[in-house]
Amino acid sequence: MDEITTIAPLRERIREWRQSGLRIGLVPTMGNLHGGHLTLVDKALADCDRVVVSVFVNPTQFVPGEDFSAYPRTYAADCAMLKARNVDVVFAPDVAEIYPDGPSLHTQVAVPALDNILCGVSRPGHFRGVATVVAKLLNIVQPDLAVFGLKDYQQLLVIEHMVRDLSLPVRVVGAAIAREPNGLAMSSRNVYLDEQQHDQAAVLYATLTAMAERLTNGEHSLPGLIDWGLDQIQAAGLKPDYLEVRRAGDLATPQAGDEDLVIAVAAYLGRARLIDNVQVSLATPGLHEG
Ligand code: PAF
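All of the points below concern the structure found in this document.

The rules behind the values
- Residues numbered from 1 in each chain as written.
- Predicted model: local features only at pLDDT ≥ 70, side-chain atom pairs only at ≥ 80, totals over all residues.
- Heavy atoms only, no water.
- Near = heavy atom within 4 Å.
- Polar contact = N/O pair within 3.5 Å; in protein donor to acceptor, adjacent residues only side chain to side chain.
- Areas by Shrake-Rupley, 256 points an atom, 1.4 Å probe, with all protein chains shown as cover.
- Helix = DSSP H or I, 4+ residues; strand = E, 2+ residues; numbered from the N terminus.
- Pairing = 2+ DSSP bridges.
- Right-handed = clockwise from strand over helix to strand, strands pointing away.
- Axes fitted to C-alpha atoms, helices over the stretch in contact; angles between N-to-C directions.
- Contact = heavy atoms within 4.5 Å.
- Expected span 1.5 Å × (residues − 1).
- Buried < 20%, exposed > 50% of the residue type's maximum accessible area, 1.4 Å probe, protein only.
- Arc of directions from axis to C-beta.

1. Concerning the site of the ligand
Moving on, step 1. As a structural note, the neighbourhood of the ligand is formed by Pro28, Thr29, Met30, Asn58, Gln61, Val133, Val134, Phe148 and Gln155.
Moving on, step 2. With respect to the ligand, the side chain of glutamine 61 contributes an N or O atom lying 2.6 Å from an oxygen atom.
Moving on, step 3. In this structure, glutamine 155 approaches the ligand through a side-chain N or O atom, which is 2.7 Å from an oxygen atom.
Moving on, step 4. Coverage of the ligand by the protein amounts to 88% of the 290 Å² it exposes when considered alone.
Moving on, step 5. For the shell around the ligand, the secondary structure elements donating two or more residues are β2 (24–29) and α6 (126–141).

2. Quick word on the pairing of strand β6 (residues 171–175)
Moving on, step 1. Here strand β5 (residues 145–149) pairs with β6 via 5 bridges, running parallel. When the sheet's bridge partners are listed, alanine 146 is paired in β6 with valine 172.
Moving on, step 2. Note on the crossover from β5 through helix α7 (residues 153–165) to β6: the handedness is right-handed.

3. Examining the sheet that holds strand β9 (residues 272–281)
Moving on, step 1. In space, the 3 strands of this open sheet follow the order β7-β8-β9, with antiparallel pairing throughout. In this open sheet, the two strands that pair with only one neighbour each are β7 (239–247) and β9. Taken pair by pair, the neighbouring strands of this sheet meet at an average axis angle of 10 degrees, ignoring direction.
Moving on, step 2. Pairing geometry for β7 and strand β8 (residues 260–269), over 8 bridges, is antiparallel. Across the sheet, arginine 246 pairs through a bridge with valine 262, a residue of β8.
Moving on, step 3. Relative to the sheet, helix α10 (residues 222–235) contacts β7 and β8, its axis offset from that of β7 by approximately 150 degrees.

4. Regarding α10
Moving on, step 1. Between the first and last C-alpha of α10 there are 20 Å, a value that for 14 residues agrees with the 20 Å anticipated at 1.5 Å per step.
Moving on, step 2. Along α10, the residues classified as buried are Leu222, Leu225, Ile226, Gly229 and Ile233. Down the axis of α10, the buried side of the element spans an arc of 95 degrees, and every buried residue falls inside it.
Moving on, step 3. At its buried positions, α10 is contacted by α9 (202–216), β7 and β8.
Moving on, step 4. Looking at the residues trailing α10, positive phi occurs at glycine 237, about 95 degrees.

Such coordinate-based values are descriptive only and should not be taken to indicate function.
Structure, rendered in structure tokens:
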């Protein structure tokens, strides 16, 4: 496995692969890898001849007051995990390589249809930072396939939207959420939780699955269902940021007849902001906002 930190030699390697007709996969990450990332890597490895994993803690997706400098950086351990997986290249640029004139002067990519709802409300500018760095990584690597986690459901939709709008020649694939035994979605920010908080956080997935079950069993009142869910989360000692039932395809408010939904949550616990979601497919439509 090669570790490459600058764009020019990475492009050279990619050019050689392309000339040999190899299929290339990219898994963008911010490092601090865990089992969830490895499912993304495995998906890319299963589908591609060569896989690049980028490790870059992207400053432009952290909003003021967030944990950019404290974000866990575990590069040596990350490389050991990726090497064991037979990843071909780790691309680990520094901030100046990605943002040569500084992050604030860099061209930005925005997806206005999706960036100021749900997580975008408490993290204004976050998805612009994500879309910008992902557009850049896709242009640097020009992969056939790029894999992202379904845990960041809104992020995945933002990226799909951007790829479609900018006609980028890449297939974007979402990988299922990897979970701890208690249901907690795996996340780099779970390192902020102590043992007791780790147990408390199980309420998120338990609540989402219970809400999904109620919806499939014919629950008709979304406000009532959401209030119930918020109560569960608060009772476990978490501070909800939002809990919403949205249309899976575009995160709009569901209308009667919509069958493919996503229940999405964000909540604060100690130093961590945790997110999770479950998708629900309704056999019998009948939702209303009453
Ligand atoms: O999901 C992440 O880790 C990041 O948002 C991503 C996609 C690597 C962009 O920095």
